[in-house]
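Commentary on secondary and tertiary structure
Below, each chain spelled out in residue letters.
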Amino acid sequence: VPVKNIRNFSIIAHIDHGKSTLADQLLLKTNTVAERDMVEQFMDSNDIERERGITIKLNSARMRYTDSQGELYALNLIDTPGHVDFAYEVSRSLAACEGALLVVDASQGVEAQTLANVWLALENDLEVIPVLNKIDLPGADPDRVISEIEDIIGLDCTDILKVSAKVGLGIDDVLEAIVKRVPPPKNTVDKPLRALIYDSYYDAYRGVICQFRVVDGSVSRGDRILMMNTGKEHIVDEIGVLAPNKVTVDTLYCGEVGYMAAQIKSVKDARVGDTITLSKNQAQEPLPGYVEVQPMVYCGLFPTDSNQYQDLRVALDKLQLNDAALRFEPEISTAMGFGFRCGFLGLLHMEIVQERLEREYNLQLITTAPTVIYKCVTADGQELMINSPADLPEPQKRRSMAEPYVRLEMVTPTDYVGNLIELATSRRGEYQEMRYLTENRTTLVFDIPLAEVVTDYFDVLKSRSKGYASMEYQMIGFRENDLVKLEIKINGEPADALSVITHRDNSYKLGKQLVSKLKELIPRQMFKVPIQACIGVKVIASEQIAPYRKDVTAKCYGGDISRKKKLLSKQAEGKKRMKALGRVEVPQEAFMAVLNLD
Ligand code: GDP
Ligand code: MG
């Protein structure tokens, strides 16, 4: 297929608006995948994706399509992950395209993710084609949604496509529109090779498989290639296209999309956003937009069974081969024992890694509360990035502290505007603007600390809007604030797993919550046990556990001896999982419960 007959596009949508269903329909209509081979949601390749109904890893598929004039086209669909944690991968996938289908649910309308994705697409100069999906639903309101797309995004909707991806209605029009409206790639086949990596994953047999878009020149099997940003060289030993199963070819030319294997040992050596060129005929400059993504959210991961420490290390090593954004380093805690401090792009990324460790590697883990990364300038002017409260220098050795901020965009029916302003303000959000007022929907924009968003913000937003509001955010940088380290002491011993970095204004409430929760959870001892929340040497909240010897069999009045035995053996088991903090035995469950506070 000549360059002028190639179309590279992706599909962008708010979650649940039908991106995966539409992708499946396009594969079916072009006979790329036969009906009998169609697993539901073909493009979502792993179990966690299918279960959660989200796309984490992107997939690509080349389709052959003959248009109404009998002309043959190659349509390359580059799917994108649908979550803000992976915004960088989304932006690189979009950079590999000339156009994007913007799918909007005709019964719902424009949502926060719709907006965030559209802004990314427009930044990459893509032709955006709006598609109204789910027109089969009785609640579909195409006219309202069209006016939202026109008013809010400013897209011309005169030729808007109306489809039902589920029923298979209007799919031919989508294919025609891709051919007619998405521009073909520029023909720069004579320039030195530049190919953009938009995804890479680790395969146990062949090493890393990169997915890339050839922007200039061409690349063949046997070529010696150079990754322009990481400087690594490799020899291409397999190259091909995903159709959507792998089909090998000898050469891929400018405008084409494909995959390669080159005995690359880790995805760190073939990073998303890097530019591939030829060692012998190097391009002058890499393609723009390469960034090494930084983890923004950290937590401690500890095996419940300390014998699993080595297994956990091996599992993290393996996951990292396939996940360039995952970081980890050993961490020791008096309460939890040996574990790892791990860094993630965001909460979803964190949950996915935890789930994989538990599911694929059979590990049982305790997770400490997630914390963001802080910037600390020391008294002697050094800048430290702090990802664990334990690493924070003493107050007198700190000159300033800064925390990451995000711009938060909430889209909501107008009825809930008051609730959501209150929510954002109570989380230290700073009002920026209220935008794009259509009749019944409003966009609220706040600048807010990431730390306030990575807790339960999304759940509260949903409950205060009866499930109707949506949100999305992007990093806007660090800001100085009055941040302190809140420490918990049990019988005078610091319980390191429970210390947190927090804003001074939040510290009193949080301190109170922590100590009263611990009072409930720690069994009485032979002696009096003070529980304190402190900032430096200052105690800001405290409780006491009165001395008492607990008789677990007391509540079994009557003579059921087997029940008594059961309780006693249960208690013995519990003892094994007791953590000694000085002279106080604290059940591990107490830490876990406190860490799941709220
Ligand atoms: P994604 O999150 O954007 O990938 O959305 P999915 O493709 O997973 O679709 C979300 C839900 O909407 C699924 O239950 C689909 O079956 C359903 N769905 C998708 N397209 C349509 C449609 O055209 N009509 C109806 N009624 N449901 C649809
Ligand atoms: Mg999906």
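These figures come from a predicted structure and were not determined experimentally.

To continue, consider the environment of Ala-112. Note that Ala-112 resides in helix 4 (residues 112-123). For Ala-112, a relative accessible area of 1% corresponds to the buried category. Separated by 64 residues in the primary sequence, Ala-112 and Glu-176 place their C-alpha atoms 28 Å from one another. Aside from chain neighbours lying at most four places away, what touches Ala-112 is His-14, Glu-409, Val-411, Ser-470, Met-471 and Glu-472.

Below, the discussion takes up the pattern of salt bridges. Counting across every chain of the model gives 25 salt bridges. The salt bridge partner of Glu-98 is Arg-213, with a shortest N-O separation of 2.9 Å. Of this pair, Glu-98 sits in the loop between helix 3 (87-95) and strand 4 (99-105) while Arg-213 is found in strand 8 (residues 207-216), placing the two residues 115 residues apart along the sequence. Accessibility expressed as a relative area gives 5% for Arg-213, which makes it buried. One salt-bridge network, held together by shared partners, links Glu-111, Asp-141, Arg-144, Glu-148 and Arg-441.

Overall, the coordinates contain zero disulfides when judged by the stated rule. Of the cysteine sulfurs around Cys-254, a residue in no disulfide, the closest is that of Cys-97, at 15 Å.

Residue class for Glu-98 comes out buried when judged on its relative accessible area of 15%. Each C-alpha atom of the pair Glu-98 and Glu-127 lies 6.4 Å from the other, and the pair is 29 residues apart in sequence. In terms of polar contacts, Glu-98 uses its side chain to reach the side chain of Arg-213, at 2.9 Å.

So, on to unusual backbone geometry. With omega at -15 degrees, the peptide bond leading from Ala-243 into Pro-244 counts as cis. Even without glycine at this site, Gln-263 takes up a positive phi of about 50 degrees. Note that Gln-263 resides in the loop between strand 15 (257-261) and strand 16 (275-278). According to the relative accessible area criterion, Gln-263 is partly exposed, its value standing at 49%. A positive phi angle, close to 55 degrees, is found at Asn-362, a residue other than glycine.

In this section: the pairing of strand 12 (residues 238-242). Along strand 12, five of the five residues are buried, which leaves the element largely enclosed by surrounding structure. Note that strand 12 and strand 15 share three bridges and pair antiparallel. From the neighbouring strand, Glu-238 faces strand 15, where its bridge partner is Ala-261. Strand direction decides the pairing type here: strand 12 and strand 13 (residues 246-248), joined by three bridges, are antiparallel.

Calculation notes
Residues numbered from 1 in each chain as written. Chains lettered and ligands numbered in written order. Predicted model: local features only at pLDDT ≥ 70, side-chain atom pairs only at ≥ 80, totals over all residues. Heavy atoms only, no water. Helix = DSSP H or I, 4+ residues; strand = E, 2+ residues; numbered from the N terminus. Buried < 20%, exposed > 50% of the residue type's maximum accessible area, 1.4 Å probe, protein only. Contact = heavy atoms within 4.5 Å. Salt bridge = Lys/Arg side-chain N within 4 Å of Asp/Glu carboxyl O. Disulfide = S-S within 2.5 Å. Polar contact = N/O pair within 3.5 Å; in protein donor to acceptor, adjacent residues only side chain to side chain. Pairing = 2+ DSSP bridges.

No statement about biological role is implied by the geometric values presented.
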